[in-house]
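Architecture and fold: a report
The lines below spell out each chain.
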Amino acid sequence: SGEAEPRETAFVDVPADDADSGYIYYATVNGFLVPNGNMFCPNDPISLHDFNDAVIKLLAYETIAQANGGGVDGALKTVRDLKIYNGVTIKDYETVTVKQYRQLVYNLMTADITDFSYSYDGNGNINLYRTGTTKTILSQYFGISRYYGSIVDVNNLKPSARFKVTKNVSEAN
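Described in the following lines is the structure provided in the data block. Predicted model, so just to flag it, every value in this text is computed and none were measured.

Contact pair helix 2 (residues 48–59) / helix 4 (residues 71–81): the axes reach a minimum separation of 9 Å and the direction vectors enclose 70 degrees. For the element pair helix 2 / helix 4, the angle class is roughly perpendicular. The two elements helix 2 and helix 4 cross, and the hand of that crossing is left-handed. Contacts between helix 2 and helix 4 involve His-49, Asn-52, Asp-53, Val-55 and Ile-56 from the former and Val-72, Ala-75, Leu-76, Thr-78 and Val-79 from the latter. A breakdown of the residues in the contact of helix 2 with helix 4 according to their chemical character gives six nonpolar, three polar and one charged.

Two aromatic rings are characterised by how far apart their centres lie and by the angle between their planes. All told, the structure shown has two aromatic pairs when counted by the stated rule. With a centroid separation of 5.5 Å and an interplanar angle of 45 degrees, the aromatic rings of Phe-11 and Phe-40 are classed as tilted. Here Phe-11 is found in the segment before helix 1 (21–29), whereas its partner Phe-40 is found in the loop between helix 1 and helix 2, with 29 residues between them in sequence. Pair check on accessibility: Phe-11 and Phe-40 agree, each one buried. Directly above the aromatic system of Tyr-25 lies the positively charged group of Arg-7, at a separation of 3.5 Å from the ring centroid. One cation-aromatic arrangement involves Arg-80 over Tyr-85; the distance from NZ or CZ to the ring centre is 4.9 Å.

In this sheet, strand 6 (residues 160–168) lies alongside strand 5 (residues 147–155) in antiparallel orientation, the contact comprising eight bridges. Counted as the bridge partner of Asn-155 is Ser-160 from strand 6. Hairpin connection from strand 5 to strand 6: four residues lie between these consecutive antiparallel strands.

In this structure, Val-55, Leu-59, Tyr-61, Ile-84, Tyr-85 and Leu-104 are the most contacted members of the largest nonpolar core, which totals 21 residues. Within the residue set of this core, elements represented by two or more residues are helix 2, helix 3 (62–67), helix 4 and helix 5 (98–110). The element best represented in this core is helix 2, accounting for five residues. Aside from chain neighbours lying at most four places away, what touches Tyr-85 is Leu-48, Phe-51, Asn-52, Leu-76, Val-79, Arg-80, Ile-90, Tyr-93, Leu-104 and Asn-107.

Now for the environment of Ala-75. Secondary-structure assignment places Ala-75 in helix 4. Relative accessible area serves as the criterion here: at 3%, Ala-75 is assigned to the buried category. Expressed as a C-alpha distance, the spacing of Ala-75 and Phe-51, which sit 24 residues apart in the sequence, is 9.6 Å. The residues contacting Ala-75, other than those within four sequence positions of it, are Asn-52, Asp-53, Ile-56 and Ala-65.

Conventions we followed
- Residues numbered from 1 in each chain as written.
- Predicted model: local features only at pLDDT ≥ 70, side-chain atom pairs only at ≥ 80, totals over all residues.
- Heavy atoms only, no water.
- Axes fitted to C-alpha atoms, helices over the stretch in contact; angles between N-to-C directions.
- Helix = DSSP H or I, 4+ residues; strand = E, 2+ residues; numbered from the N terminus.
- Parallel < 35°, antiparallel > 145°, perpendicular 65-115°, else oblique.
- Left-handed = near helix turned anticlockwise from the far one by under 90°.
- Contact = heavy atoms within 4.5 Å.
- Nonpolar A, V, L, I, M, F, W, Y, C, P; charged D, E, K, R; others polar.
- Phe/Tyr/Trp six-rings, centres within 6.5 Å; stacked < 30°, edge-to-face > 60°.
- Buried < 20%, exposed > 50% of the residue type's maximum accessible area, 1.4 Å probe, protein only.
- Lys NZ or Arg CZ within 6 Å of the ring centre and 35° of its normal.
- Pairing = 2+ DSSP bridges.
- Core = buried A, V, L, I, M, F, W, Y, C linked by side-chain atoms within 4.5 Å.

Encoded structure:
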């Protein structure tokens with residue numbers, strides 16, 4: 001969402017001058033994170049189930065999680081289907097280490113996401129339909145692409161480089 005300046009929040013444990021208060025405000029107002037009353041508990045560990053819920057809300061994949069069984073299991077299946085747990089060894093879903101968190105966030109930013117529409121059949125089952133091309137969060141929301149290729153020339157006088165692209169992974173630009 002870009003830079004977020006510190007600001008007042010509704011949480012007694014997040015002062016307005018806290019460097020992260022603007023980000024906390026944005027994440028809670030937009031429903032990505034759900035605090036406990038007037039306490040945000042910024043220094044408390046989160047569970048992987050909390051992480052899954054935040055991912056589902058961030059991507060607006062609630063209907064997909066519901067189609068995957070709903071609740072904790074539906075959220076977990078949806079996040080696993082996005083391959084966000086790749087490279088992360090999980091022994092305990094109740095806490096997240098810094099190393100796990102860094103890999104999860106990297107995987108989230110580079111995960112293939114797509115737009116869906118849905119309808120319900122006569123039995124109340126959800127039918128999902130892909131409506132858009134697959135992109136990553138980095139490409140869709142930030143216009144950042146991942147390229148593969150090689151640098152063919154470097155100009156040290158004007159810091160620049162020419163490169164040959166062999167693959168544009170997200171085709172954002």
